[in-house]
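Survey of secondary and tertiary structure
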Amino acid sequence: MWKLKIGAETVRGDNGDDNGGNESWVKTLNNHLGRQVWEFHPELGTPEELQQIHDARNGFADRRFDNRHSSDLLMRIQFANENPSFANVPQVKIKDTEEVTKEVVTITLRRAINFYSTIQAHDGHWPGDYGGPMFLIPGLVITLSITGALNAILSKEHRREICRYLYNHQNKDGGWGLHIEGPSTMFGTALNYVTLRLLGEGPEDGLGAMEKGRKWILDHGGATTITSWGKMWLSVLGVYEWSGNNPLPPEVWLCPYLLPCHPGRMWCHCRMVYLPMSYLYGKRFVGPVTPTIQSLRKELYTVPYHEIDWNEARNLCAKEDLYYPHPLVQDILWGSLYYAYEPVFMRWPANRLREKALHTVMQHIHYEDENTRYICIGPVNKVLNMLCCWVEDPNSEAFKLHLPRIFDYLWIAEDGMKMQGYNGSQLWDTAFAVQAIMSTNIAKEYGATLRKAHDYIKDSQVLEDCPGDLNFWYRHISKGAWPFSTADHGWPISDCTAEGLKAILLLSTFPSETVGGSLDVKRLYDAVNVILSLQNTDGGFATYELTRSYQWLELINPAETFGDIVIDYPYVECTSAAIQALTLFKKLYPGHRREEIENCIAKAAEFIENKQASDGSWYGSWGVCFTYAGWFGIKGLVDAGRTYKNCSSIQKACNYLLSKELASGGWGESYLSCQNKVYTNLKDNRPHIVNTGWAMLALIGAGQAERDSTPLHRAARILINSQMENGDFPQEEIMGVFNKNCMISYAAYRNIFPIWALGEYCCRVLQPL
């Protein structure tokens, strides 16, 4: 049976020993706080628990084409046995003709928070599934296969569960999508087919699934039409030639920073992925050519491998994958580098400059590794950096330090084992959960839950800047920030800092004997300093850093699958979070940098107004989609001092949201809204509890109850009637997004936002009646 371990227990055995020396290879700043690792223990599990897991797996497999998202049942089964449950409160349902009362809402909230408290980890955070993208596991398996560490690092149980996951998320047509709910793409299909082959699956295995996958590849032109990221992975594996890639010259890292296209000016996720890619390209590294590799060279293409025109393949991309087509300027750029630049730098004497560039690239890779305790900013650069360390020196300590951190990214549910889009969303979910619980009229009943969450947030703050010259390493200040996940990860993010600060400030208004002592005021000042330092000249806030270059740089975005990846754009969501945090801080600490804070809020509010579309909407870049951004847009403006009466932006935003309310009540928005940038309802016009929660919070914040509370009552009824017998809420469609086209799971949202919306509804809509 699989067991989720948390924090220090992830590096120690069940008896508290060093777990085979693992602890010495996993560096930490705070005793591994927030770390989540699944381990297989064959001796664990009662017959009843094992049957529950078996039923959950079969249930998912049977319904996988209707419900693509897992419900995190393995974690819930474990926590149901480990954590004490609250006294069961009878479930309530409301008919369409019945009035929603404060008593009914309070019962629903108590049942919801009772349940949600039982799936809180002992260190105070809420673990959960942060999967969704289907291109992450392939990079890991390819890297481990090349380095010869596949079977040593991934046990047969790990490999079995990864295969389960890939088979479960294969589409009916035989292909795999970019994410679990997406249609089949060459990027997803070719990489996941290769992954299954590397894990030991034969070309005819999977009850016909492998044959269907290979047929999809061949029917759509073969693997020569895979995207540029896919070409890179297949090249290092040895089933695609480097001459079929557009150039990624590492010498760009030697250019002066004043160039607008310098990688140090790019969005950190973009530069941290293309950094190791440029190393592998510069080396033209290819892993061992095994019999499986030789077989894949035959399986993936419509013509014999030696007859493929690799130069033509450079710019091929399957139409199913093409979200961001290359503009002409890119074709000219890559062609010039391919024909004129690369032949020179592959030979003496110019190859000496290449060696210098490769050395510089490895310096930056090691800096990233060391300052994230080998977690790295995300899963793509994690496995790429690990591969680069092995290519540099197969026996290096750096490679060995990478290996145990693989498990930080692996998550298992009833659909199998996946690789997450980060090492978790621990801080983000915990900060939201605190705000949700504290929005209710029963928050003081959950002092123990809030105290643990408070401790987690306090202990996850980043306490120091990265070492060395931050300008040389292209890093922003981080002292006082909060990360998305854990302090060991450490990358500072604007909205995570804002949400962490909001939660800390709200908790400081509760008695310390209930929720624990408040954070030292100097650390609050540090957080404010980080937020203020991240405001751009246009008033907006980007994610990790200031916007360092120009929007036209997106012309050289080489990733056909993703949009807006080259620079760190300012976002409505990040800007609104900053406004909310600074407004609350100013209220509690009016004497600290008051003028700067007021000027920051004023500029930020103008940015939000300027980003609003003519129809009243805002496009959501990190959640699905217009309902998510609508919540942030309205809340930011309200906290900046605007009201429905004096602000036309709020009026338009409310009218827009109300125009999207479903006839049955509530809101339900499809991920297609993000992809197509047009509001799209879910299939059959079904409401979604998370979209409904966001829209309710937005409208309540804008004073909708004073004008017409009917839409709020209808929405509240949807949330109340959606609650399950045990107090949980159902997992519905995927609700997270990045780079416009790829969806990602926020498993905690199904619990957080019904609680938050009903909490605000009870206190601000029903209470005044």
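What counts, and where the lines are drawn
Residues numbered from 1 in each chain as written. Predicted model: local features only at pLDDT ≥ 70, side-chain atom pairs only at ≥ 80, totals over all residues. Heavy atoms only, no water. Patch = residues over 30% accessible without salt bridge, like charges linked within 9 Å, V, L, I, M, F, W, Y side chains within 5 Å. Areas by Shrake-Rupley, 256 points an atom, 1.4 Å probe, with all protein chains shown as cover. Salt bridge = Lys/Arg side-chain N within 4 Å of Asp/Glu carboxyl O. Helix = DSSP H or I, 4+ residues; strand = E, 2+ residues; numbered from the N terminus. Buried < 20%, exposed > 50% of the residue type's maximum accessible area, 1.4 Å probe, protein only. Contact = heavy atoms within 4.5 Å. Polar contact = N/O pair within 3.5 Å; in protein donor to acceptor, adjacent residues only side chain to side chain. Axes fitted to C-alpha atoms, helices over the stretch in contact; angles between N-to-C directions. Parallel < 35°, antiparallel > 145°, perpendicular 65-115°, else oblique. Left-handed = near helix turned anticlockwise from the far one by under 90°. Nonpolar A, V, L, I, M, F, W, Y, C, P; charged D, E, K, R; others polar. Pairing = 2+ DSSP bridges.

Considering a nonpolar patch on the surface
Residues Val329, Tyr550, Trp552 and Leu555 make up a contiguous nonpolar surface patch of roughly 420 Å² in combined accessible area. Secondary-structure assignment places Tyr550 in the loop between helix H22 (521–533) and helix H23 (572–588). By relative accessible area, which is 48% here, Tyr550 ends up partly exposed.

A closer look at the environment of Tyr193
In this fold, Tyr193 is placed in helix H7 (residues 186–198). In this structure Tyr193 touches Trp176, Pro203, Met210, Gly213, Arg214, Ile217, Leu296, Glu299 and Leu300, once residues within four positions along its chain are discounted. For Tyr193, the side chain forms a polar contact with the side chain of Glu299, separated by 2.5 Å.

Structural notes on the packing of helix H4 (residues 136–147) against helix H9 (residues 228–237)
Axis separation between H4 and H9 bottoms out at 10 Å; the angle between their running directions is 15°. In terms of orientation, H4 lies roughly parallel with respect to H9. As for how H4 packs across H9, the hand of that crossing is left-handed. Contacts between H4 and H9 pair Gly139, Ile142, Thr143 and Ile146 from the former with Trp233, Val236 and Leu237 from the latter. Broken down by class, the residue content of the contact of H4 with H9 amounts to five nonpolar, two polar and no charged.

Here's the deal with the pattern of salt bridges
Under the counting rule described, the total for this entry stands at 31 salt bridges. One salt bridge in this structure joins Asp129 and Lys418, with 2.8 Å as the shortest N-O distance. Pair noted here: Asp129 is in the loop between helix H3 (102–118) and H4 and Lys418 is in strand S6 (residues 416–419), with a separation of 289 residues, a long-range link. Here the two residues Asp129 and Lys418 agree in accessibility, since each one is buried. Put simply, Glu760 and Arg764 hold a salt bridge, and the shortest N to O gap is 3.5 Å. Here Glu760 pairs with Arg764, and both are found in helix H31 (residues 749–766), just four residues apart, close to one helical turn.

Examining the environment of Trp334
Within the fold, Trp334 resides in helix H13 (residues 328–345). Trp334 sits 89 residues away from Asn245 along the chain, and the two C-alpha atoms are 9.4 Å apart. Filtering out sequence-adjacent residues up to four positions away, Trp334 remains in contact with Asn246, Pro247, Arg314, His326, Ile556 and Pro558.

Here we look at the pairing of strand S2 (residues 36–40)
With four of five residues buried, S2 is to be regarded as a mostly interior element. Here five bridges tie strand S1 (residues 2–6) to S2, and the two strands are oriented antiparallel to one another. Looking at S2, one finds that Lys3 is bridged to Glu39.

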